[in-house]
Amino acid sequence: MKPSQRLVAVLLLPLGLVGCSSLLNVQRTPFTVYAPQYVVPAGEAGAAGAQVDWQLVVETPLGSNTLDTARVLVMPQPGVLEVFPAARWRDPAPAMLRSLVVEAFEQSRRIIGVGSAESGMRADFALAIE
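So, how was this worked out
- Residues numbered from 1 in each chain as written.
- Predicted model: local features only at pLDDT ≥ 70, side-chain atom pairs only at ≥ 80, totals over all residues.
- Heavy atoms only, no water.
- Pairing = 2+ DSSP bridges.
- Helix = DSSP H or I, 4+ residues; strand = E, 2+ residues; numbered from the N terminus.
- Axes fitted to C-alpha atoms, helices over the stretch in contact; angles between N-to-C directions.
- Core = buried A, V, L, I, M, F, W, Y, C linked by side-chain atoms within 4.5 Å.
- Buried < 20%, exposed > 50% of the residue type's maximum accessible area, 1.4 Å probe, protein only.
- Contact = heavy atoms within 4.5 Å.

### Observations regarding the sheet that holds strand E3 (residues 71-77)
Turning to step 1, where the next piece is worked out: Across the sheet, 3 strands lie side by side as E1-E4-E3; this open sheet has mixed pairing. Looking at the sheet topology across the chains shown, the edges are occupied by strand E1 (32-34) and E3. With direction set aside, neighbouring strand axes in the sheet form an average angle of 55 degrees.
Turning to step 2, where the next piece is worked out: As paired elements, E1 and strand E4 (residues 80-89) share 3 bridges and run parallel to each other. Each residue of the ladder has a partner; that of Val 33, found in E4, is Arg 88.

### Section: the nonpolar core
Turning to step 1, where the next piece is worked out: If you look at the biggest cluster of nonpolar residues, it comprises 6 residues: Leu 56, Val 58, Val 101, Val 102, Ile 111 and Val 114.
Turning to step 2, where the next piece is worked out: Broken down by secondary-structure element, the contributors of at least two residues to this core are strand E2 (52-58), helix H2 (93-108) and strand E5 (111-116).
Turning to step 3, where the next piece is worked out: The contact partners of Leu 56, leaving out residues within four places of it in the chain, are Phe 105, Ile 111, Gly 113, Val 114, Gly 115, Met 121, Ala 123, Phe 125, Ala 126 and Leu 127.

### Observations regarding the pairing of E3
Turning to step 1, where the next piece is worked out: Across 4 bridges, the pairing between E3 and E4 is antiparallel. What sits directly across from Arg 71, in E4, is Arg 88.
Turning to step 2, where the next piece is worked out: Count of turn residues in the E3/E4 antiparallel hairpin: 2 residues, of which Gly 79 carries a positive phi of about 85 degrees.

Pasting the structure below:
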């Protein structure tokens, strides 16, 4: 490569990088992440129940691909799904529902062991949600 060609290449390189950086400078819309938690209903906080000596594993609920997302979906009218553009769930909806069910069983303190199927826990029973 001739010295003049090198000089041209060196001068054009920053221009190419500026062009790439403008592609990466995409305007992002801020959004809020919602993380629902299980709350013991009033009047049930002290409710006693028989404790069991088995363990339960909660499987991730089955749902359509439309619902398997962290986007917050609403149905303003029958048959119409819309997305809240500035809102997200902390996890995809099926995983979040599984976590809430596990949390509810844990807070009941009636089952010796409860966890998600992904935890690798060896359980006596499995709860499948569709």
